[in-house]
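Examining the three-dimensional arrangement
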Amino acid sequence: MPSEPRRDTNWWGWGDPTRRTEFDPTALGVLGERIGELEPWPLATRIDNFSLPPARSLPEAVIDAVGAGAVFDAKEDRLRHAHGSGYVDLARLRSGRLADAPDAAVVPADAAAVGRLIDACAASGVAVVPFGGGTSVVGGVEPLRGSHDALISLDLSALREVVVDETSLTARLGAGLRGPEAEAALGAQGLTLGHFPQSFEYATVGGFAATRSAGQASSGYGRFDSLVSSVRLLAPAGNLSTLETPHTAAGPALRELVIGSEGTLGVIPDVTVRVRPAPPQRRYEAWMAESFEAGTEIVRVLAQGPGLPTIVRVSDEEETLGSLALSGPRGMTGKAFDGYLKARRREGGSLVIVGFEGDEETVTRRRALTVRALRGGGAVYLGRAAGRAWEHGRYGGPYQRDLLMEMGAMVETLETSHTWTRLGELHRAVGAAIAGALAAQGTPGLVFCHLSHAYADGASLYFTFIARRRDGAEVEQWAAVKGAACEAIVANGATITHHHAVGRDHAPYMEAEVGTTGIEVLRAVKERLDPTGIMNPGKLLP
């Protein structure tokens, strides 16, 4: 029997519908002081009365490919598959109306059924939007039809196979496995994948692969693309697969062509990934660097020298103040925390989170090297309580985002990366562009940034901005600010996205990223694998 679509998440926001978060009076005071008084932003309607365009009929051949029991065209299923989890998606949901939605969500029972479905859709001219956890924040699952009359959301949640090779330490994982499901299956055999993005609780393995994802522990375990040993692609023009080998010199890496293709070339039904023994010990702790510049310099020294801890992130001064005000490290809040820093002659600075995972010997050795660099760079130790607070809240950002939206705020994130030489310049330019665009909209706000991932040659920067929404012009306000930030990124020669993928939002900047010839190459590949253009129209390519 085919599976049903998942309906266990909040339809208008993130994750668990029973989980609530709240801000204390101090946090509310900071928000009011910095961004002005907020006017509540209630939902325009309940899900029962939500307005969707009528569903178009699917060709019989498409339904026959998977069976009528795998096709779901109820309003709730169409609505849940009509959006991702970005600010624009959620702003539209709060309005009670969407301009478009899939004509049906289709849940094939296995990879063979996925192949039959793609073939039928290609023959019938039906657009296909692959759908995993629906956690895209860049419009990656928006139902853009292009030139096609009918569109389905291809829900991969039934593909949850786990096959482990304990000798080679690899595992074949189905695309529909959520992060916790994959970790639970591997953990039962004493293993871990080690991939923990903020979307971990609801994002899927297929989404990790399709978006070239990076996790919070990528410094220790590697980005998802570095974890993939082999991959399959089911495309309209035929299937593609790579060998399960650790390395090959046989031409350009087709594996790299598939990873990060965002559903525009075909569907990834499963991947074989490198796994490792689950760490018996985890230690997270916080430090305070003198400044963001000092904190990033410490990370550069580690990346180019003794090596990075499993987790490392450095908040700039604005994010440090905002984080302490909005949440504060557990056990060290308010005057006690301020007093702790002053006793060590430190007021302000940049919060540094480091984490170590592995056996006791590995954790001890790596921590000693990291502590040497932190102390050498002038950082002050804040303790494990603050580190545990970060660990406790590491997946909680989207819930805070939803609460801020309910209160009447615009909240958005974006990320980029550059070399160490130009990282400071990029940080200043993008932060100024966001602040300037917010001011121009009449909604000055908070602009936060942290270094989220580091390499020997550079690092990524993750920006968050919060401001009062423009009532009735939320999408236009967002477009102006996000556009200013993207233009600043491009002008500084940085990547338009480090780990959020291209999707709908970044597609206009792809030519600046890869050049005209690069666009032509990508278009040629798409035309060869997807000659009728049914796969995820409007994404990745401008």
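What you see as residue numbers is a count from 1 along each chain, following the sequence as written. Totals for whole chains, interfaces and linings use all residues, but because this is a predicted model, local features are given only for residues with pLDDT of at least 70 and pairs of side-chain atoms are given and counted only at 80 or more. Hydrogens and water are ignored here; the side-chain numbers use all heavy atoms of the structure.

What follows is about the overall build of the protein chain. Runs of H or I in DSSP of at least four residues are treated as helices and runs of E of at least two as strands, each being numbered from the N terminus. Looking only at helices and strands, one finds 19 helices and 18 strands in the protein chain. Computation of the radius of gyration draws on C-alpha atoms, with the globule rule given as 2.2 Å multiplied by the number of residues to the power 0.38. In terms of overall dimensions, the protein chain is globule-like: its C-alpha atoms have a radius of gyration of 23 Å, near the 24 Å expected for 542 residues. Here a residue-residue contact requires only that any non-hydrogen atoms of the pair lie within 4.5 Å. The contacts in the protein chain between residues at least 6 apart in sequence include a share of 79% that link residues at least 24 apart. Per-residue accessibility takes into account occlusion by the displayed protein chains alone, with areas from the Shrake-Rupley method and a 1.4 Å probe. As presented, the protein chain carries roughly 21,900 Å² of accessible surface, and 51% of it is formed by carbon and sulfur atoms. Here the positive residues are Lys and Arg and the negative ones are Asp and Glu; neither His nor the chain ends is included. Where a charge lies is defined by one atom per residue type: Lys uses NZ, Arg uses CZ, Asp uses CG and Glu uses CD. Across the protein chain, the mean location of the 54 positive side-chain charges is 4 Å away from that of the 64 negative side-chain charges.

With respect to the helices and strands, the residue P53 is situated in the loop between α1 (25–35) and α2 (60–66). Along the sequence, P53 and A99 sit 46 residues apart, while their C-alpha atoms lie 6.9 Å from each other. When neighbours within four sequence positions are excluded, P53 is seen to be in contact with R78, L98, A99, D100 and A101.

Here the focus is the confidence of the model for the protein chain. For every residue, the pLDDT score states the predictor's confidence, bounded by 0 at the bottom and 100 at the top. Across the protein chain, the average pLDDT comes to 94, with 96% of residues at or above 70. Here residues 328–334 scores under 50 on pLDDT; set against residues more than four positions off or in separate chains, the count is 13 contacts.

Grouping buried Ala, Val, Leu, Ile, Met, Phe, Trp, Tyr and Cys residues that are joined through side-chain atoms within 4.5 Å yields what is termed a nonpolar core. Throughout, exposure labels follow a simple rule: accessible area from a 1.4 Å probe, protein chains only, divided by the maximum for the residue type, with under 20% read as buried, over 50% as exposed, and the rest as partly exposed. Counting residues in each nonpolar core, the largest one holds 62 residues, and the members touching the most others are V430, I434 and L451. Among the elements that line this core, the one with the most residues is helix α17 (residues 420–440), at eight residues. If sequence neighbours within four positions are ignored, V430 has contacts with L414, F463, A485, A488 and I489.

This next bit is on helix α4 (residues 87–95). In an α-helix, one turn spans 3.6 residues, which is why side chains three or four residues apart end up on the same side. Of all the nine residues making up α4, seven are buried; the element is thus mostly covered by neighbouring parts of the structure. Listed as buried for α4 are Y87, V88, D89, L90, A91, L93 and R94. Directly after α4, the chain includes G96, whose backbone phi takes a positive value near 85°.

Take a side-chain nitrogen of Lys or Arg and a carboxyl oxygen of Asp or Glu: if they are within 4 Å of each other, that pair is a salt bridge. A full pass over the atoms with the stated rule returns 29 salt bridges. With a closest N to O distance of 2.6 Å, R283 and E285 form a salt bridge. A residue is classified by how much of its surface remains accessible, and E285, at 0% relative accessible area, is buried. Put simply, R367 and E285 hold a salt bridge, and the shortest N to O gap is 2.9 Å. Taken together, the positions of R367 in helix α14 (residues 360–376) and E285 in strand β12 (residues 281–289) put the pair 82 residues apart, joining distant regions of the chain. By relative accessible area, which is 22% here, R367 ends up partly exposed. Because the salt bridges share partners, they merge into one network encompassing R92, E142, K482, R504 and D505.

Only strands that DSSP links by at least two bridges are regarded as paired with each other. Bridge analysis of strand β8 (residues 228–235) against strand β9 (residues 238–241) gives four bridges, and the strand direction is antiparallel. Its bridge partner being in β9, L233 is matched across the sheet by L240. Counting the residues between successive antiparallel strands, the hairpin from β8 to β9 contains two residues.

Attention now goes to the sheet that holds strand β6 (residues 170–174). What the five strands build is an open sheet, ordered β5-β6-β10-β8-β9; its pairing is antiparallel. The open sheet has two edge strands, β5 (162–165) and β9, and neither has a second partner. Adjacent strand axes in the sheet meet at a mean angle of 10° when their direction is disregarded. Helix axes use the C-alpha atoms of the stretch in contact, all axes being lines fitted to C-alpha atoms, and the angles between their N-to-C directions lie in the range 0 to 180 degrees.

For helix α6 (residues 179–187), the complete set of buried residues consists of G179, A182, E183 and L186. All buried residues of α6 project into a common sector of 95° when viewed along the axis, lining one side. Its buried side turned inward, α6 meets β5, β6, β7 (191–192) and α7 (205–210). Here the arc refers to the directions that run from the helix axis out to each C-beta atom.

Let us now look at the side chain of H498. As for its placement among the helices and strands, H498 is situated in the loop between α18 (474–491) and α19 (510–529). For H498, a relative accessible area of 9% gives the class buried. Those residues in contact with H498 that lie beyond four places of it in its chain are A214, R223, E415, T416, S417, H453, Y455 and S460.

So, on to the sheet that holds strand β1 (residues 71–72). Here we have four strands laid out as an open sheet, ordered β1-β2-β4-β3, and mixed in their pairing. The open sheet terminates on both sides in strands that have one partner only, identified here as β1 and β3 (127–131). Contacts from helix α5 (residues 111–124) reach β2 (104–106), β3 and β4 (151–155), with the element oriented near 170° to β4.

Interaxial distance between α17 and α18 falls to 8 Å at its minimum, and their mutual angle equals 155°. Between α17 and α18, the interaxial angle falls into the category roughly antiparallel. For α17 against α18, the interelement crossing comes out right-handed. Residues L426, A429, V430, A433, I434, A437 and L438 of α17 touch α18, and the partners they reach there are A480, V481, A484, A485, A488 and I489. Residue type decides the class: Asp, Glu, Lys and Arg count as charged, Ala, Val, Leu, Ile, Met, Phe, Trp, Tyr, Cys and Pro as nonpolar, and the leftover types, Gly among them, as polar. When the residues that make up the contact of α17 with α18 are grouped by side-chain class, the tally is 13 nonpolar, no polar and no charged. Orientation categories follow fixed angle ranges, with anything under 35 degrees roughly parallel, anything over 145 roughly antiparallel, 65 to 115 roughly perpendicular, and all other angles oblique. Less than a right angle of anticlockwise turn of the near helix away from the far helix marks a crossing as left-handed, whereas a clockwise turn marks it as right-handed.

Once that is clear, we can look at the pairing of β12. On any regular strand, side chains alternate: one points to one face of the sheet, the next to the other face. Burial runs high along β12: seven of the nine residues are buried. Sheet analysis places β12 next to strand β14 (residues 350–358), joined by nine bridges and oriented antiparallel. Within β14, the position partnered with A286 by the bridge is I353.

Classification of ring pairs rests on two measures: the distance between centres of Phe, Tyr or Trp rings, Trp counted by its six-membered ring, which must be within 6.5 Å, and the angle between planes, read as stacked under 30 degrees, edge-to-face over 60 and tilted in between. For the structure on display, the rule yields eight aromatic pairs. An aromatic cluster is built from F196, F200 and Y395, whose rings are joined through pairwise contacts.

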